[in-house]
Amino acid sequence: MMDPTKVVPRGLALSNYPTHDGFELIDFEWVERWSVRPVQYYIIDFGLSSRHQSNDAHDQVPGKHGQDKTVPEQSDTVPYNPFKLDVYQLGNVINECIKEYSGLDAFQPLSKSMTQTRPEDRPSAAEAAHLCEEIVLGITKAKRMSSRVWRDTPDSMFCIEPFEKLAVRFLPNYNPKV
């Protein structure tokens with residue numbers, strides 16, 4: 001989920017997008033994400049959530065709840081560590097982003113470590129966050145991310161053509177209407 005505060009400074013009505021007030025379709029004002037970077041993103045909706053009394057990694061829960069059905073340890077009868085399960089699911093989200101967008105290969109080792117088959121081989125959420133920060137710092141120092149990240153999925157309605165990518169890069173006022 002993207003925090004739209006910088007991109008749509010006058011706010012937006014999600015009930016009637018694209019409007020600021022939910023009624024007027026004209027005069028909708030927004031700016032390119034690239035021009036107001038960094039834009040804050042949040043990973044949300046891990047499926048059914050549960051509350052725990054502590055952050056103790058030894059808390060164990062049973063049940064096959066959640067969106068990601070590929071989690072190896074998920075079971076209705078054998079208790080598992082829900083925190084390591086969340087790490088696995090987020091690792092899969094990162095992996096899907098790597099598959100769908102060009103320029104995110106630097107995050108492959110992070111995704112791979114987070115989706116280890118054995119939960120005890122996965123990093124904790126704090127360790128995964130630290131690894132992610134190190135990758136971002138490395139990209140920043142190497143100036144390897146000086147261009148936009150593009151969606152590569154050809155069947156996506158949000159995928160833009162190569163000539164449009166060039167236009168966006170070299171013509172600052174060009175805005176492909178998708």
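The protein chain goes by Protein kinase domain-containing protein in an unreviewed UniProt entry, where it is assigned to Agrocybe pediades.

A. A look at the overall build of the protein chain. Across its full length, the protein chain carries 4 helices and 2 strands. Along the chain direction, N to C, the helices and strands of the protein chain fall in the order α-β-α-α-β-α. Each of the 178 residues in the protein chain was classed as buried or not, and the buried ones make up 28%. Long-range contacts, defined as pairs at least 24 residues apart, comprise 38% of the intrachain contacts of the protein chain with a sequence gap of at least 6. About 12,800 Å² of surface is accessible on the protein chain, with carbon and sulfur atoms providing 57% of the total.

B. Region of the structure containing a nonpolar patch on the surface. The grouping of Met 1, Tyr 42 and Ile 44 at the surface amounts to a nonpolar patch, some 330 Å² of accessible area in total. A relative accessible area of 40% places Tyr 42 in the partly exposed class.

C. Seen up close, the side chain of Lys 84. Locating Lys 84 in the fold gives a position in helix H1 (residues 82–100). Among buried charged residues, Lys 84 stands out as having no salt bridge; its nearest opposite-charge side chain is Glu 127, 5.1 Å away. Engagement of the side chain of Lys 84 in a polar contact is seen with the backbone oxygen of Arg 122, the distance being 2.5 Å. If near-sequence neighbours (up to four positions away) are discounted, Lys 84 is found in contact with Glu 73, Pro 119, Arg 122, Pro 123 and Ser 124.

Reading guide: rules and limits
Numbers given for residues are sequential positions, taken from 1 along each chain in its written order. Given that the model is predicted, a residue must reach a pLDDT of at least 70 before its local features are reported, and side-chain atom pairs must reach 80 or more before they are shown or counted; all residues, however, enter totals for whole chains, interfaces and linings. Based on all heavy atoms of the structure, the side-chain values leave hydrogens and waters out of the count. Note on conventions: DSSP H or I runs of at least 4 residues are helices, E runs of at least 2 residues are strands, and numbering of each starts at the N terminus. For every residue, the accessible area (1.4 Å probe, protein chains only) is compared with the maximum for its type, and the residue is labelled buried under 20%, exposed over 50%, or partly exposed between those bounds. Note on definitions: a residue-residue contact is assigned when non-hydrogen atoms from the two residues lie within 4.5 Å. Areas reported as accessible are Shrake-Rupley estimates using a 1.4 Å probe. Residue values count occlusion only from the protein chains shown. Patches draw on residues past 30% relative accessible area with no salt bridge. Two like charges within 9 Å are joined, as are two nonpolar side chains (Val, Leu, Ile, Met, Phe, Trp, Tyr) within 5 Å. One speaks of a salt bridge when a side-chain nitrogen belonging to Lys or Arg is within 4 Å of a carboxyl oxygen belonging to Asp or Glu. As used throughout, the charge tally considers Lys and Arg to be positive and Asp and Glu to be negative, leaving His and the chain termini uncounted. Polar contacts, as counted here, are pairs of nitrogen or oxygen atoms within 3.5 Å of one another; within protein the pair requires one atom able to donate a hydrogen and one able to accept it, and residues that are adjacent in sequence qualify only if both atoms are side-chain atoms.

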